[in-house]
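Working through the structure, step by step
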Amino acid sequence: MLSLLFVFNGVLLAQDNIPAANKSCLTCHQREGFSTKHDGKEISLTVDPAVLADSVHKNNPCTTCHMNIQGFPHQDVVYGQELTVQVTKSCQMCHANVAKDYKASKHWKATKNGMADVSCNACHGEHNVQKLELTKQEEVKMCTQCHQGAILEGYKQSFHGKAVLLGSQESASCVDCHGAHKALGDEVAASPVSAKNKPATCAKCHQDAQANFAKGSEHLTLSAKDKNKIPYYISKAYIWLIILTIGFMLVHILIELFGKFRKAKKDDITIDVDDSDIDLN
Amino acid sequence: MEERISFSEERGLMFQRLTLNQRIQHFVNFLTFTTCVITGLPIKYHGAALSAKIVSLFGGFDTMFYTHVVSGILMLLAFSYHFVYLAAYAYLNEPSFAILPKWKDAVEIVQTIKYNLGLTDEHPEYGRYCYKEKMEYLALIWGTVVMGLSGLMMYFPQITVKFVPRWVIEAFRAAHSGEAVLAALAIVVWHMYNAHLSPDFFPMNKTWITGKVSKTQMEHEHPEELREIMDEIDYKEELKTDVEDSKSFKFANSRGLIGVEIALYAVFLVWLLKTFVPLGF
Ligand code: HEM
């Protein structure tokens, strides 16, 4: 029976770049529709060998990430958020440097407490782990899956946001200011957007940005409720300036056209300037 | 030097209105302003489909934005040159204040409107510049100062914050954004009417290219100035004054054209009110 399985393996798994150990896992796990029930939820157990073969981790045994699964039948299987935390912990075995930053971040805290899944895999992919080479636009899209509301609105109204949303490759995206793994929140001194570090963060693009430059809110929305109302009132004043000025122009033109329409009956040139006093000869 | 008064078989006596220098200034301003509008409005309306098209026309946001800033700076150079020109003019000739608004202009606005409403038969006799031209010139000065100042403040934020806090940049940014729409609409409405769609000049007043205005046009547009010129010169006898301008005013009496234009500007007025009046209050 066992030998029969291995023959099967050879036929089905022509992908020779998959480590031998993984082939036995895939015997079951590549089957479509392979699933289990946990807490009343259907959980898929299928892994596409092609996706795996494409990942930067293609040479890792499955058990580098799924560390606790060492035999068959599997013992102590975990699912959902527990699995997420477990796998994330295994990442640091190799990626120790980045993991140090990540573990200090709010993202790890949220993941650990089950508030949200902002694990390594959430951004980098699961079985298709890739080096993230996102464009600024893709990056903003990823962050704004969770970060919406006033923060997103303010970014969209800022020059950085408008530029990036229109395809700029130079303007600042989320990560350019906030960093990727060290998402700390601006109240933490070590954060790139803390009051202390902001000047240096701005200076990555804006040469010799001083403290004054970094003072002020980036994610600003024009609103009367904002602590800074002046830009809001200026933009409102312009609306009325436009209505009044352009409105006056249009009405003036319309009156002139009505006048010309009425006069157009006459054959000669319309304006009756009394030019008898212009001395032409 | 261009002749102050020349003669054309088709158009009769021709008066020099714009020197070559002035025409070049107008042309540079026309090009740079138009470029600023085309490359600036997509930033303001970054969600609009047309904005994305304009961005791709420039091959990406960053190129479009550099084009914006470069043409903005060229516009400011031409603007600075204009003041050098004015100073040189004042030094070489007499300073001229003919462009400044006077009480006469207020009287003439009222009288022009009355005339077009059929309340009086007497059309005001405009001088060198009528109120329409003065409004336009002064709006250009105001607009360029606002756009230039705010544009430079935004493009050199590090320098700006040496003098003012950052929210001031945000306030000027709101002004840049509002003034851009005001300026673009003023050109589309006021300038396009006065230079192109006015039935007196339709399809175009060519003075911006030739620099010349016919005697017939002068009688019509600047009778007071014409009288002053004729009083001044001492070679009146040599001038052929009996040839009428056969090229101008071709559509001045076309009720078809005037009717279409009335419809056009009425629609424009409705659009203006619908777009800008904040009914949501
Ligand atoms: C008549 C000329 C100009 C027009 C019509 C114009 C129009 C615009 C518009 C519509 C925007 C988008 C504003 C927004 O909603 O965010 C913009 C942005 C900008 N313009 Fe201009 N502009 C003009 C001249 C200039 C000049 C002279 C400069 C500077 C040298 C300049 C520099 C900028 C900068 C730096 C931005 C980006 C600021 C931001 O959006 O946050 N512009 N312009």
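Residues numbered from 1 in each chain as written. Chains lettered and ligands numbered in written order. Predicted model: local features only at pLDDT ≥ 70, side-chain atom pairs only at ≥ 80, totals over all residues. Heavy atoms only, no water.

**Quick word on the overall build of chain B**
We apply this condition: Helix and strand labels come from DSSP, where a helix needs a run of H or I of at least four residues and a strand needs a run of E of at least two; each type is numbered from the N terminus. Only protein chains enter the accessibility calculation, which uses a 1.4 Å probe; a residue whose area is less than 20% of its type maximum is buried, one above 50% is exposed, and one in between is partly exposed. Any two residues whose heavy atoms approach within 4.5 Å are treated as being in contact. The sign given to each residue is positive for Lys and Arg and negative for Asp and Glu; His and the chain ends receive no count. Charged groups are reduced to one reference atom each: NZ for lysine, CZ for arginine, CG for aspartic acid, CD for glutamic acid.
Across its full length, chain B holds eleven helices and three strands. In sequence order, the secondary structure elements of chain B are arranged as β-β-α-α-α-α-α-α-α-α-β-α-α-α. When the backbone C-alpha atoms are referred to their principal axes, chain B occupies close to 65 × 45 × 40 Å. The buried share among the 281 residues of chain B stands at 45%. Taking the intrachain contacts of chain B between residues at least 6 apart in sequence as the baseline, contacts between residues at least 24 apart amount to 68%. Side-chain charges of chain B comprise 25 positive and 30 negative groups, with the mean position of each set lying 9 Å from the other.

**Some details on a positive patch on the surface**
Here is the rule: In this analysis, a patch consists of residues with relative accessible area above 30% that form no salt bridge, clustered at 9 Å for like charges and at 5 Å for the nonpolar side chains Val, Leu, Ile, Met, Phe, Trp and Tyr. Using a 1.4 Å probe, the Shrake-Rupley method yields the accessible areas, and only the shown protein chains count as cover for residues. A pairing counts as a salt bridge when a side-chain nitrogen of Lys or Arg comes within 4 Å of a carboxyl oxygen of Asp or Glu.
A cluster of like positive charges, contributed by Lys 89, Lys 103, Lys 109 and Lys 112 of chain A, occupies part of the molecular surface. When you line up the elements, Lys 109 of chain A lands in helix H7 (residues 106-112).

**Topic: the coordination of the iron atom of the ligand**
Residue and element names in this part refer to chain B. Note the following rule: Water is not part of the atom set, so a site may look incomplete; the donors themselves are N, O and S atoms within 2.8 Å of the metal, or 3.2 Å for Na, K and Ca. Geometry is assigned from donor-metal-donor angles: four donors are tetrahedral when every angle falls between 85 and 135 degrees, four are square planar and six octahedral when opposite donors sit over 155 degrees apart with all other angles between 65 and 115, and any other arrangement is irregular.
Summarising the metal site, the iron atom of the ligand is bound by the protein donors His 68 (NE2) and His 176 (NE2), whose distances to it range over 2.0 Å. Every donor counted, the six donor atoms about the iron atom of the ligand form angles of 85 to 179° at the centre, which fits octahedral coordination. You can see His 68 sitting in helix H3 (residues 61-92) and its partner His 176 sitting in helix H7 (residues 166-197), a full 108 residues away along the chain. Here the two residues His 68 and His 176 agree in accessibility, since each one is buried.

**Things to note about the site of the ligand**
Heads up, the condition is: What makes a residue near a molecule or strand is one non-hydrogen atom of that residue sitting within 4 Å of it. What qualifies as a polar contact is a pair of N or O atoms within 3.5 Å, subject to a donor-acceptor requirement within protein and to the restriction that residues adjacent in sequence count only when both atoms come from side chains. An automatic or database domain assignment supplies the residue ranges for each domain.
Neighbouring the ligand are 22 residues; Lys 162 of chain A together with His 68, Arg 173, His 176 and Ser 177 of chain B lie closest to it. The residues that come close to the ligand belong to more than one chain, namely chains A and B. In this structure, Arg 173 of chain B approaches the ligand through a side-chain N or O atom, which is 2.5 Å from an oxygen atom. Looking at the shell around the ligand, the elements with two or more residues in it are helix H11 (159-165) of chain A together with helix H1 (20-44), H3, helix H5 (131-155) and H7 of chain B. Counting residues per element, the shell around the ligand draws most heavily on H1 of chain B, which supplies seven residues. For the shell around the ligand, the two domains that each supply at least three residues are domain 1 (17-96) and domain 2 (99-249) of chain B.

**Some thoughts on the packing of H7 of chain B against helix H11 (residues 255-276) of chain B**
All names here are of chain B. Definition in use: Each axis is a line fitted through C-alpha atoms, taken for helices only over the stretch in contact, and angles between the N-to-C directions span 0 to 180 degrees. Angles are sorted into four bins: roughly parallel if under 35 degrees, roughly antiparallel if over 145, roughly perpendicular if 65 to 115, and oblique for all others. Gly is put with the polar residues, along with every residue not named as nonpolar or charged; the nonpolar set is Ala, Val, Leu, Ile, Met, Phe, Trp, Tyr, Cys and Pro, and the charged set is Asp, Glu, Lys and Arg.
For the pair H7 and H11, interaxial distance at closest approach is 13 Å and the crossing angle is 170°. Relative to H11, the element H7 is oriented roughly antiparallel. Taking contact as the criterion, the partners of Val 181, Leu 185, Val 188, Val 189, Tyr 193 and Leu 197 in H7 are, on H11, Glu 261, Leu 264, Tyr 265, Phe 268, Trp 271, Leu 272 and Phe 276. Counted by class, the contact of H7 with H11 contains twelve nonpolar, no polar and one charged residues.

**A look at unusual backbone geometry**
Residues and elements named next belong to chain B. Backbone torsion omega between Phe 202 and Pro 203 reads 0°, so that peptide bond is classified as cis. The residue Phe 249 is not glycine, and still its phi comes out positive at about 60°. Its place among the elements puts Phe 249 in the loop between helix H10 (223-232) and H11.

**Side note on the domain arrangement of chain B**
Here chain B is partitioned into domain 1 (17-96), domain 2 (99-249) and domain 3 (251-281). The gap between the C-alpha centroids of domain 1 of chain B and domain 3 of chain B is 28 Å.

**Topic: the sheet that holds strand S2 (residues 12-16) of chain B**
Residues and elements named next belong to chain B. To keep it simple, the criterion reads: Any two strands are treated as partners once DSSP identifies two or more bridges connecting them.
Judged by pairing direction, the sheet is antiparallel, and its three strands sit side by side in the order S1-S2-S3 without closing on themselves. In this open sheet, the two strands that pair with only one neighbour each are strand S1 (5-8) and strand S3 (212-214). Direction aside, neighbouring strands of the sheet carry axes that sit 35° apart on average. Bridge count for S1 against S2 is four bridges, and the pairing is antiparallel. Residue pairing across strands places Ser 6 opposite Met 14, the latter belonging to S2.

**A short note on the pattern of salt bridges**
For the structure shown, the criterion picks out 18 salt bridges over all chains. Note that Asp 176 of chain A and Lys 136 of chain A form a salt bridge whose closest N and O atoms lie 2.6 Å from each other. Taken together, the residues Asp 176 of chain A in helix H12 (residues 174-178) and Lys 136 of chain A in helix H9 (residues 136-143) connect sequence positions 40 residues apart. On the basis of relative accessibility, which here comes to 13%, the residue Lys 136 of chain A falls in the buried class. A salt bridge links Glu 256 of chain A to Lys 132 of chain B, with the nearest nitrogen and oxygen atoms 2.6 Å apart. Taken together, the residues span two chains, with Glu 256 of chain A in helix H15 (residues 230-263) and Lys 132 of chain B in helix H5. An identical accessibility class is assigned to Glu 256 of chain A and Lys 132 of chain B; each is buried. Here the salt bridges do not stand alone but share partners, grouping Arg 17, Arg 128, Glu 133 and Glu 225 of chain B into one network.

**Notes on the side chain of Glu 136 of chain B**
All names here are of chain B. Positionally, Glu 136 belongs in helix H5. Buried charged residue Glu 136 carries no salt bridge. Nearest counter-charge: Lys 132, at 9.4 Å. When sequence neighbours within four positions are dropped, the list of residues in contact with Glu 136 reads Trp 190, His 191 and Asn 194.

**Details of a nonpolar patch on the surface**
All names here are of chain B. A cluster of nonpolar residues, Tyr 66, Val 70, Ile 73, Leu 74, Leu 77, Leu 152, Tyr 155, Phe 156, Ile 159 and Phe 163, forms a patch on the protein surface that exposes about 950 Å² of accessible area. For the nonpolar patch, the elements supplying multiple residues, two or more each, are H3 and H5. Counting residues per element, the nonpolar patch draws most heavily on H3, at five residues. Residue placement: Phe 156 occurs in the loop between H5 and helix H6 (157-160).

**Examining the nonpolar core**
Definition in use: By nonpolar core is meant a set of buried Ala, Val, Leu, Ile, Met, Phe, Trp, Tyr and Cys residues that side-chain atoms within 4.5 Å join together.
If you look at the biggest cluster of nonpolar residues, it comprises 26 residues, and the most contacted ones within it are Ile 242, Ile 246 and Leu 250 of chain A together with Leu 185 and Leu 272 of chain B. Secondary structure elements with two or more residues in this core: H15 of chain A together with H7 and H11 of chain B. Leaving out residues up to four positions away in the same chain, Leu 272 of chain B has contacts with Ile 242, Ile 243, Ile 246, Gly 247 and Leu 250 of chain A together with Leu 185 and Val 277 of chain B. One finds Val 213, Met 218, Leu 226 and Ile 229 of chain B within the second-largest nonpolar core, a separate group that totals ten residues.

**Quick notes on the confidence of the model for chain A**
How we decide: Scored between 0 and 100, pLDDT is the confidence that the predictor attaches to each residue.
Of the residues in chain A, 88% reach a pLDDT of 70 or more, and the chain-wide mean stands at 84. Considering only residues more than four positions removed or in separate chains, one finds that residues 1-14 of chain A, a stretch of pLDDT under 50, has eight contacts.

**Things to note about the interface of chain B and chain A**
For the record, the criterion: Buried area counts how much accessible surface, traced with a 1.4 Å probe, disappears from two parts once they are put together, with both parts' losses summed.
The interface is formed by 74 residues belonging to chain B together with 73 residues belonging to chain A. Summed over both sides, the interface of chain B with chain A buries roughly 6800 Å², with 68% coming from carbon and sulfur. Along the contact surface separating chain B from chain A lie three salt bridges. A salt bridge links Glu 218 of chain A to Arg 166 of chain B, with the nearest nitrogen and oxygen atoms 2.8 Å apart. Broken down by element, the residue count for the side of chain B that touches chain A peaks at 16 residues, all from H7 of chain B. Here the side of chain B that touches chain A is composed, by residue class, of 44 nonpolar, 13 polar and 17 charged.

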